[in-house]
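Each chain, written out:
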Amino acid sequence: MAEEAALQSASREAAPREPPFRAEHVGSLLRPKTLLDARAAFAQSKITRAELTAAEDAAIRDAIALQQRLGFRFVTDGEFRRRSYHSFFYRQLGDITIDVVDGAPISGADGKDSADTRGAQPEALIMSRVQWTHPINVDDFKFLKANSDLVPKITIPGPCALHFRGGDRAVLAHAYRDIDTFWSDTVEAFIAELNALAAAGCRYVQVDETAFAKFGDPAVQAKLKARGDDWDTLIDTYIAVTNTVLRAAPAGMRIGMHLCRGNRGGQWHAEGSYDSVADRLFNALDIPFYFLEYDTPRAGTFTPLRLVPSDKTVILGLVSSKLPVLEHKDALRARIDDATRFVDLDRLAISPQCGFASIDSGNPLTAEIQAQKLRLVVELARDIWGSS
């Protein structure tokens with residue numbers, strides 16, 4: 001405890017004043033068993049909504065305390081009120097299901113017995129128009145603000161995540177007659193949510209948009225082609241849509257983008273380097289900082305980072321949130337040294353490659369290993385940059 005307190009104090013003395021910070025994590029954390037049990041009891045009508053909320057509140061306070069002890073400069077709620085990182089958001093924009101495989105919603109346990117293998121790419125079922133009717137994450141922000149002095153970070157799915165899960169075919173199947181209206185509705189919804197967050201005082205948002213990393217996988221390219229989408233054209237569409245949202249975002253809000261190749265119960269959905277998308281990803285997309293998956297050879301080399309402009313930052317996702325093996329600090333330091341051949345050290349930071357629980361059942365590792373990995377991120381940041 002004393003060591004963690006000293007780590008936290010030292011980090012605060014020299015930390016960056018605004019996001020991104022040297023030591024980052026993507027947002028989701030392993031749900032404690034007490035919370036999973038409460039959610040199961042609520043689903044069976046054994047407890048009330050108020051009792052479930054109380055269980056969530058208690059678990060989130062514990063997650064906040066963990067992040068504070070370890071020395072992070074920001075705090076998330078671990079996404080403890082969500083079943084998955086994206087369905088929570090899109091479900092509140094209409095009659096929309098974003099995690100369907102073979103016509104049925106994916107169960108939380110999918111992938112648990114086949115970690116570190118390619119999982120089925122979920123698809124979307126869009127039964128209504130996309131419409132923002134109320135703030136989605138404002139209460140989450142307010143809870144973090146009321147329970148911590150650290151910078152609250154809110155994570156939301158990207159505006160192109162829904163389309164990527166089904167393409168034009170899914171959009172036009174039930175709810176829309178033309179694609180332009182779908183994109184207009186989507187942009188309007190995301191701008192409304194960002195404005196609501198800003199009005200509440202939120203200044204740090206992470207957009208999880210995994211499509212850009214998956215475009216480099218020949219298998220994904222083939223699947224997109226089979227459903228009638230040209231992946232190379234789709235990149236430009238997604239950049240244009242995302243930029244429209246970003247250019248309308250509230251002034252003073254720091255928005256970064258997290259990219260990965262899938263993370264469900266330890267499984268992944270794609271492999272391949274950033275080479276085929278790097279130029280447009282780093283130079284056409286109006287994002288000031290990127291959380292990039294780099295924990296396995298599936299992500300390729302650091303060479304594409306040569307295209308990152310001098311005013312942008314890269315958070316290297318070098319620590320695995322999928323595997324229950326603690327990385328060696330010296331090996332991580334060597335990888336960061338390798339990355340500096342392409343991006344100056346002062347424009348780099350470190351994090352796990354993804355969240356620890358993109359769905360509520362989590363990845364196949366323990367809370368103890370999760371804490372060790374998060375501590376490693378903070379310690380390495382302090383060793384290299386002098387702060388977290």
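Along every chain, residues carry numbers that run from 1 in the direction the sequence is written. With pLDDT at 70 or above as the cut-off, local features in this predicted model cover only qualifying residues; side-chain atom pairs require 80 or more to be listed or tallied, and sums for whole chains, interfaces and linings still use all residues. Heavy atoms throughout the structure, all of them, feed into the side-chain values; hydrogens and water do not.

## Let's talk about the overall build of the protein
Secondary structure assignment for the protein yields 14 helices and 11 strands. Split into buried and exposed, the 388 residues of the protein put 59% on the buried side. Put simply, 81% of the contacts in the protein that link residues at least 6 apart link residues at least 24 apart. The numbering of helices and of strands both runs from the N terminus, where a helix is a DSSP run of H or I of at least 4 residues and a strand a run of E of at least 2. Type-normalised accessible area, obtained with a 1.4 Å probe on protein chains alone, sets the label of each residue: buried when under 20%, exposed when over 50%, and partly exposed for intermediate values. Any two residues having at least one pair of non-hydrogen atoms within 4.5 Å are treated as being in contact.

## Examining the sheet that holds strand β10 (residues 313-319)
At least two DSSP bridges between two strands are needed for those strands to be called paired. Judged by pairing direction, the sheet is parallel, and its six strands sit side by side in the order β6-β7-β8-β9-β10-β11 without closing on themselves. In the strand order of this sheet, the two ends are held by β6 (154-157) and β11 (348-352), each with one partner. Along the sheet, successive strands turn relative to each other by an average axial angle of 25°, direction set aside. In the sheet, β6 pairs with strand β7 (residues 204-208) via four bridges, with the strands oriented parallel. Across the sheet, residue Ile156 finds its bridge partner in β7, namely Val207. Note on geometry: axes are lines fitted to C-alpha atoms, helical ones only across the stretch in contact, with angles between N-to-C directions running from 0 to 180 degrees. Packed on one face of the sheet, helix α13 (residues 329-339) meets β10 and β11 and runs near 150° to β10.

## Digging into the side chain of Arg347
With respect to the element layout, Arg347 can be found in the loop between α13 and β11. Despite its burial, Arg347 remains without a salt bridge, the nearest opposite charge being carried by Asp344 at 4.5 Å. For Arg347, the side chain forms a polar contact with the main-chain oxygen of Ser310, separated by 3.4 Å. The contacts of Arg347, once residues within four sequence positions are left out, are Arg22, Val308, Pro309, Ser310, Lys312, Thr313 and Val314. The charge count includes Lys and Arg as positive and Asp and Glu as negative, but it does not include His or the ends of the chains. Note on definitions: salt bridges are taken to be side-chain nitrogens of Lys or Arg within 4 Å of carboxyl oxygens of Asp or Glu. Polar contact criterion, stated in full: a pair of N or O atoms within 3.5 Å, where within protein one must be able to donate a hydrogen and the other to accept it, and residues adjacent in sequence count only if both atoms are side-chain atoms.

## Considering the environment of Arg129
With respect to the helices and strands, the residue Arg129 is situated in the loop between β4 (123-126) and α5 (138-147). With a relative accessible area of 45%, Arg129 lands in the partly exposed category. Between the C-alpha atoms of Arg129 and Ile96, which are 33 residues apart in sequence, the distance is 8.6 Å. The residues touching Arg129, leaving out its near neighbours within four places in the chain, are Leu93, Gly94, Ala175, Tyr176, Thr181 and Asp185. Looking at Arg129, its side chain comes within polar contact range of the side chain of Asp185, at 2.8 Å.

## A closer look at the pattern of salt bridges
Inspection of the entire model under this criterion finds 18 salt bridges. In this structure, Glu293 engages Arg261 in a salt bridge whose closest nitrogen and oxygen atoms are separated by 3.8 Å. Separated by 32 residues along the polypeptide, Glu293 in strand β9 (residues 289-293) and Arg261 in the loop between β8 (254-259) and α12 (278-283) bring together distant segments of the chain. Of the two residues, Glu293 and Arg261, neither departs from the other in class, the shared state being buried. Among the charged side chains, a salt-bridge network with shared partners connects Arg39, Glu56, Asp57, Arg81 and Asp140.

## Describing the packing of aromatic side chains
Aromatic rings from Phe, Tyr and Trp, taking only the six-membered ring of Trp, are treated as a pair when their centres fall within 6.5 Å; an angle between ring planes under 30 degrees marks them as stacked, one over 60 as edge-to-face, and anything in between as tilted. Per the stated rule, a full pass over the model turns up 19 aromatic pairs. The interplanar angle of 90° and the centroid separation of 6.5 Å between the aromatic rings of Phe212 and Tyr238 together place this pair among those described as edge-to-face. Here Phe212 is found in helix α9 (residues 211-214), whereas its partner Tyr238 is found in helix α11 (residues 231-247), with 26 residues between them in sequence. Of the two residues examined, Phe212 and Tyr238, each falls in the buried class. An aromatic cluster of at least three residues, connected via ring pairs, comprises Phe164, Tyr176, Phe182, Trp183, Phe212, Phe215 and Tyr238. Put simply, a charge is over a ring when the Lys NZ or the Arg CZ is close to the ring centre, within 6 Å, and near the line of the ring normal, within 35 degrees. Over the ring of Phe143 we find Arg81, and its NZ or CZ is 5.0 Å from the ring centre. Looking at Arg261, its charged tip hangs above the ring of Tyr274, at a distance of 4.3 Å from the centre.

## Observations regarding the state of the cysteines
By definition, a disulfide links two cysteine residues through a covalent bond between their sulfur atoms. When the sulfur atoms of two cysteines come within 2.5 Å, that pair is taken as a disulfide. Per the stated rule, a full pass over the model turns up zero disulfides. Its sulfur unpaired, Cys260 is 3.7 Å from the next cysteine sulfur, which belongs to Cys354.

## A closer look at the pairing of β10
The buried count for β10 comes to seven of seven residues, which makes it a mostly enclosed element. As paired elements, β9 and β10 share five bridges and run parallel to each other. Among the inter-strand pairings, Tyr290 is bridged to a residue of β10, identified as Val314. Regarding topology, α13 serves as the crossover connection from β10 to the parallel β11, and that connection is right-handed. Seen with its strands pointing away from the viewer, a crossover is right-handed if its path from the first strand over the helix to the second goes clockwise.

## Considerations on the side chain of Glu24
Position of Glu24 among the secondary structure elements: in the loop between α1 (2-13) and α2 (33-43). Here the side chain of Glu24 touches Tyr204 through a polar contact of 2.8 Å, side chain to side chain. For Glu24, the residues in contact, after removing those within four places along its chain, are Phe72, Phe74, Lys153, Tyr204, Phe291, Ile315, Ile350, Ser351, Pro352 and Val377.

## Quick notes on α13
Listed as buried for α13 are Leu332, Ile336 and Ala339. Seen along its axis, α13 keeps its buried residues to an arc of 55°; they face one direction. Lining the buried residues of α13 we find β10, β11 and α14 (367-385). Read the arc as the range of directions from the helix axis to the C-beta atoms.

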